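Residue-level listing of the chains:
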Amino acid sequence: MFNIIRIKSKKRVDAIEITDYVRNIIKSLGVKDGVCVLYVPHTTAGIIINENADPNVIEDILDRLSEFAKENLNYKHLEGNADSHIKSSITSSSVNLIIENGELMLGTWQGVFFLEFDGPRERKIYCKILKDG
Amino acid sequence: MFNIIRIKSKKRVDAIEITDYVRNIIKSLGVKDGVCVLYVPHTTAGIIINENADPNVIEDILDRLSEFAKENLNYKHLEGNADSHIKSSITSSSVNLIIENGELMLGTWQGVFFLEFDGPRERKIYCKILKDG
Amino acid sequence: MFNIIRIKSKKRVDAIEITDYVRNIIKSLGVKDGVCVLYVPHTTAGIIINENADPNVIEDILDRLSEFAKENLNYKHLEGNADSHIKSSITSSSVNLIIENGELMLGTWQGVFFLEFDGPRERKIYCKILKDG
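Here the residue index of a chain counts from 1 through its sequence in written order. Chain labels run from A onward and ligand labels from 1 onward, assigned in the order the entries are written. Where totals are concerned, whole chains, interfaces and linings use all residues; where local detail is concerned, this predicted model gives features only for residues with pLDDT of at least 70, and gives and counts side-chain atom pairs only at 80 or more. Excluded from the side-chain calculations are hydrogens and water; all other atoms, namely the structure's heavy atoms, are used.

Here we look at the relation of the copies chain A and chain B
Move 1: In superposing the copies, a least-squares fit is computed on C-alpha atoms, taking residues whose pLDDT is at least 70 in both. If you rotate chain A by 120° and push it 0.0 Å along the axis, it lands on chain B with an RMSD of 0.0 Å. The relationship between the two copies is best expressed as a three-fold rotation axis. Taking the C-alpha atom as reference, chain A places Ile90(A) closest to the rotation axis, 3.4 Å from it.
Move 2: Residue contacts follow a heavy-atom distance rule, with two residues in contact if any of their heavy atoms lie within 4.5 Å. A share of only 15% of interface residues in chain A that are also interface residues in chain B marks the association as one of differing surfaces.

This is how it looks when you write it as structure tokens:
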């Protein structure tokens, strides 16, 4: 069994914090200890953990990724989103989180962010929890 | 217990889809639900999940990585493969996949790719499955 | 239950090998088989697996990351460490390791490295082990 988090991105390149969705799943399942695997079943999106206090942090990250893989260069893939696939590959398709006493063991400044690289679209994140003991 | 997937890369920089190897392991073990951890025990290779419909997608990704870490720059490591180690670090040494009802929960366009950055070589991927329940 | 590895970085950009800390935790817990999740609860640091034989390999990786995200560019985040957050995002916040017969299944040349991008600081890595069977 796994849970699905459903979100909508609003721009071609976007970031959506999903930390509270994950906390709600953990609470609703009553999980005390374990590992939470978040998995993105898309090839033009990614998932990272970074600062959620100053939204400029995520903007700087998205800006730098957009310089790294520029839109509409002379790519071989002709659907206009080769840049999105490249960004997906250097961020990540999944992250692991530790659950202890029913809480996500995030650092003080950490949030979990879905990164959209080819939106706007409806997107999904799979949330699989492995209980410990 | 874990399984070993054995492959041979054919070029210095190469990509080999290993999705079917993973599906066969899951089927042969009869796993119904859980998480599959794929781990690359090499320091000049990586593993990613991305599109397997148009092979140009992976070529664009490899091309962009080769621009990011150029061969034979003025690196400190003198074995001629510093670029390969750098590419390994910004892709990944492992990925997680979710298993549900005996199936890999991949997205429609997703495949799992071993990325060779210092071939051709014989390579291994470790496949460890954690069953749920 | 999870264990905490405590380290001190010595420079703004630094790398600290933590492989032996992880081995000691596995030995002290008497774990035979499973998966070890290493998680970094910081937003200006990362964790990778790469070569621990020639220290120049990690220096080349850190150098290339510092070119990728230069310090003190025209970032929106004004705390002087936007580069550190960006580097954190393209390396990783967690890695998975496989444990078999009480041993870490690392490749011959592999070590686990905590990457500091905004030091010197006291830092933590969470080590969570999921036993198999």
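Digging into the interface of chain A and chain B
Move 1: Contact with chain A, which involves 26 residues of that partner, is made by 32 residues of chain B.
Move 2: Taken over both partners, the interface formed by chain A and chain B buries close to 2,500 Å², and the fraction arising from carbon and sulfur atoms is 56%.
Move 3: Area buried by chain A at its contact with chain B is led by Tyr39(A), Phe68(A) and Lys76(A), which between them contribute 25% of it.
Move 4: Salt bridges are defined by distance alone: a side-chain nitrogen of Lys or Arg within 4 Å of a carboxyl oxygen of Asp or Glu. The interface formed by chain A and chain B holds three salt bridges in total.
Move 5: Between Lys76(A) and Asp63(B) there is a salt bridge, with the nearest N and O atoms lying 3.0 Å from each other.
Move 6: Polar contacts here mean pairs of N or O atoms no more than 3.5 Å apart (in protein, one a potential hydrogen donor and the other a potential acceptor; neighbouring residues in sequence count only if both atoms are side-chain atoms). Linking chain A with chain B are 16 residue pairs in polar contact (both at pLDDT 80 or more).
Move 7: We count a stretch as a helix when DSSP gives it H or I for four or more residues in a row; a strand needs E for two or more, and each element gets its number in order from the N terminus. Mapped onto the side of chain A that touches chain B, the elements with two or more residues apiece are β3 (34-39), α3 (82-90), β5 (94-100) and β8 (122-131) of chain A.
Move 8: By residue number, the principal contributor to the side of chain A that touches chain B is α3(A), which donates six residues.
Move 9: Under the scheme applied here, ten amino acids are nonpolar (Ala, Val, Leu, Ile, Met, Phe, Trp, Tyr, Cys and Pro), four are charged (Asp, Glu, Lys and Arg), and all others, including Gly, are polar. Partitioning the side of chain A that touches chain B into residue classes produces 15 nonpolar, nine polar and two charged. For any pair of parts, buried area is found by adding up, for both, the accessible area (1.4 Å probe) each one loses once the two are put together.

Details of the sheet that holds strand β4 (residues 45-51) of chain A
Residues and elements named next belong to chain A.
Move 1: The antiparallel open sheet is built from three strands, whose spatial order is β2-β7-β4. For this open sheet the edge positions go to β2 (14-17) and β4, each flanked by a neighbour on one side alone. Within this sheet the neighbouring strands show an average axis-to-axis angle of 30°, counted without direction.
Move 2: Running over the sheet, helix α2 (residues 55-68) touches β2, β4 and β7 (110-116) and is turned about 140° from β4. A pair of strands is considered paired only if DSSP assigns at least 2 bridges between the two. Fitting a line to C-alpha atoms yields each axis, with helices limited to the stretch in contact; the angle taken between N-to-C directions then spans 0 to 180 degrees.

Keep in mind these values describe shape, not function.
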